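Inside the fold
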Amino acid sequence: MSEPRVRRAEIAIEQHHVDRVYTRLAELRAQAEAMRAKGYEIGHGAQREAVFEQASMLFERDMMVHHATQTLQTLDAEYEGLVFGRLDHTSGEKIYVGRLGIRDAEFDNLVTDWRAPAAAAFYQATAEEPMDVVRRRVIRCSGQTVLDVDDDVLIPEAVGDDMRVVGEGALMAALGRSRGDKMRDIVATIQKEQDEVIRAPWRGVTEITGGPGTGKTAVALHRAAYLLYRHRRQLGGAGVLVVGPSGVFTNYISRVLPSMGETNVELRALGAVLDGIDTDRQDPAPLAAIKGSLRMRKVLLKAMRDTPPDVPDEMRILYKGDLLKLTRKELEKVRRRVHGHGGPPNRSRVRAAEALLEALADRAEENARTDGRTIDRAELIHDLGERIDFHRFLVVWWPVLYPGEILRWLGDPKRLTKAARGVLTPGEVDLLAASFADREREWTVADVALLDELRVLVGPPPKRRRRAQQIELDAAPPERGSQGKPHRPEHYDEYSHIVVDESQDLSPMQWRMVGRRGRYASWTVVGDPVQSSWPDPEEAAQARTQVFGPRTPIRRYTLRTNYRNSAEIFELAARVVAGHAAEGELPRAVRTTGLEPDVRTVEPAGVESAVQAAAKELLDSVEGTVGVICAMDRVAEVGTWVRGHADERLKVVGSLDAKGLEYDAVVLVEPTELITESMTGRRVLYVALTRATQQLTVVASDDEWLPAAK
Ligand SMILES: Nc1ncnc2c1ncn2[C@@H]1O[C@H](COP(=O)(O)OP(=O)(O)OP(=O)(O)O)[C@@H](O)[C@H]1O
């Protein structure tokens, strides 16, 4: 038979099986629905003794229906279908692998869930270690229709006369396909080195490093789905949190887990980890570096203990005809004494009241001594403590503190200088004060970690004040409990597993913030030191160690194949970052396209039109997305340049927001600006250069960014 006829015949065989699967799925659904209906009847019926037994069975059934319906809904919306693989073993047994496990009426497997041990060979078998697999087949579907099949033969000598082999490799086909605006799952083509990481034990800390495009994000998300499937009892209830660098990124990866039937994983960007705030605003690099440093903790602590602005600087109270006065200095001393106990101020008002009463009693004793009188100290403390005017003073003098308010106080350079003495340089103080001085300014991503730190330092406000705190944090709390997600309390800190993506960029203060969410968590930490935009990796490593506990062993994996970029594009990126990466830190790109990156050097005045032209050409030549990447402070300007191309495949994105994203084609605008705007220079440019899967055009008005050719 000719190759196309063989292929057609094999597709027809698989279509037959896929049809059976969907028929069975419909049956299961109908059965479950019938069972549910019957359950309602039983619930209302007379056979009372059987009700409990039936109810628990029904509950399970309900859950099954719910799950099946939900999964089906998700799968209907996906490009690739429910069944995606098949294994033919030497024994003659065949196993179909899919996103869901389904059995037929005789309880035989029609599809095995990709996460089940029986499916592991689909990912782990190789020609060297075939695990009894003769042929591994990837089945590509659209909805319920089989489009194509693609085979790998692992034991050629075991291929019988009746076994036909088609295709040139599903992985390459998948990598060559155009990209949409959402990341896709890779269940059909997970590679062996990736599978090992996905299936690694759940406890402790698992670290995944690897260069751009090695599938770190994809692997971490599949690992979350795998862990929930295998350890739902331990992990499901408390929940899994995935933290990514930006809102654009969490949106980009948002389809991956639902496409595997997991809707119960919380995705949060670093600017949205703290309930009540969701920001993507970035500070300029030098400012972000100060705000992210551990030194800020000391500054915040001092700032919080300083006398709040606008509190009375004198106390006067009349007791039995004697005017008791406390001066500003004396009041400050009392405040220091209360803070000396170390408790959160919002929990210390009683202590503050006691300390004030003691100071008033001291004053009364002094006055009495001068006048030759005696006083009953205990009685005075009791009487004043009951007085309404004393309590009126107390609430304004020891106000409830809100994190946002304290940060705004630091907009006053004098106050900040005091809080930062011996910790920040005068130059740093100026930068920081200017950033907090503008009360209208929206919080930045770096501010969020500071607000979270302060939240813990000041302690929770009294219950009836909590709403006010939300207002102070500038936004309404995000809706929880919708879309079937369990309702979690505010500032939930008991996630059972936390995935941190792009972890190389977390500042020490951000590590502390994320660490707080997982008091008992196990961790999957994903990153690439070469792509780091954080200037002080040692300080960040120290904060990270604190989060995991210094003695927790770390399971380390490195992924070495770049699946995203064509070899031609990656070659340019590797040249740009050479000298900033250690031996072996750069991955190997596996796919060639024959299309070299197009570097266009133009006059500064010609950059705009060159960018417009490049964007147009790339939109015409690729099917999928085109990203225009520029320096962070030029996003708005470049946006106006390409406004004329009304095409939703085109996105303009700043260098830092490009982290983790990918496009079929990229126009990179003024690369030297990316180097100069960041604290880690070429590393940020390296990130931008590694976003394109097919084509890259660089528009530059200088060539300082370009190392001399080898
Ligand atoms: N086994 C695979 N099969 C198909 N596609 C894959 C596979 N592994 C990775 N990819 C694809 O390669 C691209 C890069 O993956 P991913 O974004 O997870 O890489 P990354 O290591 O997180 O990259 P970066 O560090 O640049 O953010 C994605 O399009 C992903 O779907």
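Residues numbered from 1 in each chain as written. Predicted model: local features only at pLDDT ≥ 70, side-chain atom pairs only at ≥ 80, totals over all residues.

1. So, the overall build of the chain
This is how it is decided: Think of it this way: any DSSP run of H or I at least four residues long counts as a helix, any run of E at least two long counts as a strand, and we number them from the N terminus. Working definition of burial: number of other C-beta atoms within 10 Å of the residue's own, with buried at 20 or more, exposed at 12 or fewer, and partly exposed in between, all C-beta atoms being placed from the backbone. By the convention adopted here, residues are in contact when the distance between their C-beta atoms, placed from the backbone, does not exceed 7 Å.
Check the secondary structure of the chain and you find 26 helices and 21 strands. Out of the 710 residues in the chain, the part that is buried amounts to 41%. The contacts in the chain between residues at least 6 apart in sequence include a share of 75% that link residues at least 24 apart.

2. Overview of the pairing of strand β19 (residues 650–654)
Inclusion rule: Here a strand pair is declared whenever DSSP counts at least two bridges between the two strands. Crossovers are described as right-handed under a simple rule: with the strands pointing away from the observer, the path leading from the first strand over the helix to the second runs clockwise.
Within β19, four of the five residues are buried, which leaves the element mostly enclosed by the surrounding structure. The pairing of strand β18 (residues 626–630) with β19 spans five bridges and is classified as parallel. The partner of Ile629 across the bridge, within β19, is Val653. Handedness of the crossover is the feature at issue here: the chain leaves β18, passes through helix α24 (residues 635–641), returns alongside β19, and the resulting connection is right-handed.

3. Describing the site of the ligand
Quick note on the threshold: Only the C-beta atom matters for nearness: placed from the backbone, it must lie within 6 Å of the molecule or strand for the residue to count as near. Gly is put with the polar residues, along with every residue not named as nonpolar or charged; the nonpolar set is Ala, Val, Leu, Ile, Met, Phe, Trp, Tyr, Cys and Pro, and the charged set is Asp, Glu, Lys and Arg.
For the ligand, the set of nearby residues contains 24 residues, the closest of which are Thr189, Pro212, Gly215, Lys216 and Thr217. For the shell around the ligand, the elements supplying multiple residues, two or more each, are α4 (170–176), α6 (216–230) and β15 (561–566). Considering only residue class, the shell around the ligand consists of eight nonpolar, 11 polar and five charged.

4. Points about the confidence of the model for the chain
What counts here: Confidence of the prediction at every residue is given by pLDDT, a number between 0 and 100.
Of all residues in the chain, 89% have pLDDT values of 70 or greater, and the mean over the chain is 86. Every residue in residues 74–79 is under pLDDT 50, and counting partners more than four places away or in other chains gives 10 contacts. The low-confidence segment residues 474–484, where pLDDT is below 50, has 19 contacts with residues more than four positions distant or belonging to other chains. For this predicted complex, the interface score ipTM comes out at 0.99, alongside a pTM of 0.85.

5. Some details on the sheet that holds strand β1 (residues 83–89)
On the basis of which strands lie adjacent, the open sheet formed by six strands has the order β3-β4-β2-β1-β5-β6 and mixed pairing. The open sheet is flanked by β3 (102–103) and β6 (145–153), the only strands paired with a single partner. In this sheet, β6 lies alongside strand β5 (residues 133–142) in antiparallel orientation, the contact comprising eight bridges. The residue of β6 that forms the bridge with Cys141 is Val146.

6. Things to note about the nonpolar core
To keep it simple, the criterion reads: Think of a nonpolar core as buried Ala, Val, Leu, Ile, Met, Phe, Trp, Tyr and Cys residues chained together by C-beta atoms that fall within 7 Å.
Ala224, Val611, Val628 and Val667 are the most contacted members of the largest nonpolar core, which totals 156 residues. For this core, the leading source of residues is α6, giving nine residues. Contact partners of Val628, with chain neighbours within four places excluded, come to Val611, Ala615, Val638, Val642, Leu650, Val652, Val667 and Val669. In terms of nonpolar packing, the next biggest core, distinct from the first, is built from 14 residues, Ala353, Leu356, Leu360 and Leu380 among them.

7. A few points about the packing of helix α20 (residues 508–516) against helix α21 (residues 537–548)
Put simply, the rule is: Between N-to-C directions, angles cover 0 to 180 degrees, with each direction set by a line fitted to C-alpha atoms, over the stretch in contact for helices. Should an angle fall under 35 degrees it is called roughly parallel, over 145 degrees roughly antiparallel, and 65 to 115 degrees roughly perpendicular, with every other angle called oblique. Crossing handedness is read from the near helix: turned anticlockwise from the far helix by less than a right angle, it gives a left-handed crossing, and turned clockwise, a right-handed one.
One can describe the packing of α20 onto α21 by two numbers: an axis separation of 8 Å at closest approach and a directional angle of 15°. By the criterion of interaxial angle, the relationship of α20 to α21 is roughly parallel. Crossing geometry of α20 relative to α21 is assigned as right-handed. Note on element contacts: α21 touches α20 through Glu539, Ala540, Gln542, Ala543, Arg544 and Val547, opposite Pro508, Trp511, Arg512 and Gly515. Class assignment of the residues belonging to the contact of α20 with α21 gives a composition of five nonpolar, two polar and three charged.

8. Brief notes about unusual backbone geometry
We note that Phe107 has phi near 75°; this positive angle belongs to a residue other than glycine. Given 6 C-beta atoms within 10 Å, Phe107 falls into the exposed group. Positive phi, normally seen in glycine, also occurs at Asp132, with a value near 70°. Here Asp132 lies in the loop between α3 (120–124) and β5.

9. Observations concerning the sheet that holds strand β7 (residues 205–210)
Within the open sheet, the six strands sit side by side as β9-β8-β12-β13-β7-β14. Their pairing is parallel. With partners counted over all chains shown, the strands left at the sheet margins are β9 (265–269) and β14 (554–559), one partner each. When strand polarity is set aside, the average angle formed by the axes of neighbouring strands in this sheet is 15°. As paired strands, strand β8 (residues 240–244) and strand β12 (residues 497–500) are joined by four bridges and run parallel to one another. Bridge pairing in β12 places Leu241 opposite Ile498. Packed on one face of the sheet, α6 meets β7, β8, β9, β12, β13 (522–527) and β14 and runs near 165° to β13.

10. Details of helix α17 (residues 426–437)
Note the cut-off: Here the expected length of a helix is defined as 1.5 Å per residue gap, with one fewer gap than residues. Taking the helix axis as origin, the arc is that swept by the directions to the C-beta atoms.
Over its 12 residues, α17 extends 16 Å from the first C-alpha to the last, a length consistent with the 16 Å expected when each residue adds 1.5 Å. Where α17 is concerned, the buried positions are Val429, Leu432, Ser435 and Phe436. One side of α17 holds all its buried residues, which, seen down the axis, span an arc of 135°. Seen from the buried face of α17, the exposed residues on the opposite side, beyond 90 degrees, are Pro426, Gly427 and Ala434. Along its buried surface, α17 packs onto α9 (285–292), α15 (403–409) and α16 (413–419).

11. Comments concerning the UniProt feature "binding site: ATP" (unreviewed entry) in the chain
The cut-off we apply is this: UniProt positions are given in the numbering used here, feature names are shortened, and annotations may be inferred rather than shown by experiment.
Residues given the UniProt feature "binding site: ATP" (unreviewed entry) here are Gly210, Gly211, Pro212, Gly213, Thr214, Gly215, Lys216 and Thr217. Along the polypeptide, Gly210 turns up in strand β7. Judged by local crowding, Gly210 falls into the buried class, with 25 C-beta atoms found within 10 Å. With residues near it in sequence (within four places) discarded, Gly210 still touches Lys216, Asp528, Thr558, Leu559, Arg560 and Pro587. Aside from chain neighbours lying at most four places away, what touches Gly215 is Ile186, Gln194, Leu559 and Tyr563.

12. A look at the packing of helix α22 (residues 567–577) against helix α26 (residues 682–689)
Running from N to C, α22 and α26 point in directions that differ by 175°, and their axes come no closer than 9 Å. Judged by the inter-axis angle, α22 sits roughly antiparallel to α26. Each of Leu572, Ala573, Val576 and Val577 in α22 lies in contact with α26, whose residues at this interface are Arg682, Arg683, Leu685, Tyr686 and Leu689. Residue classes in the contact of α22 with α26 are distributed as seven nonpolar, no polar and two charged.

13. Notes on the pairing of strand β20 (residues 663–669)
The buried fraction of β20 is high, at seven of seven residues. Bridge analysis of β18 against β20 gives four bridges, and the strand direction is parallel. Note that in β20 the partner of Val626 across the bridge is Ala665.

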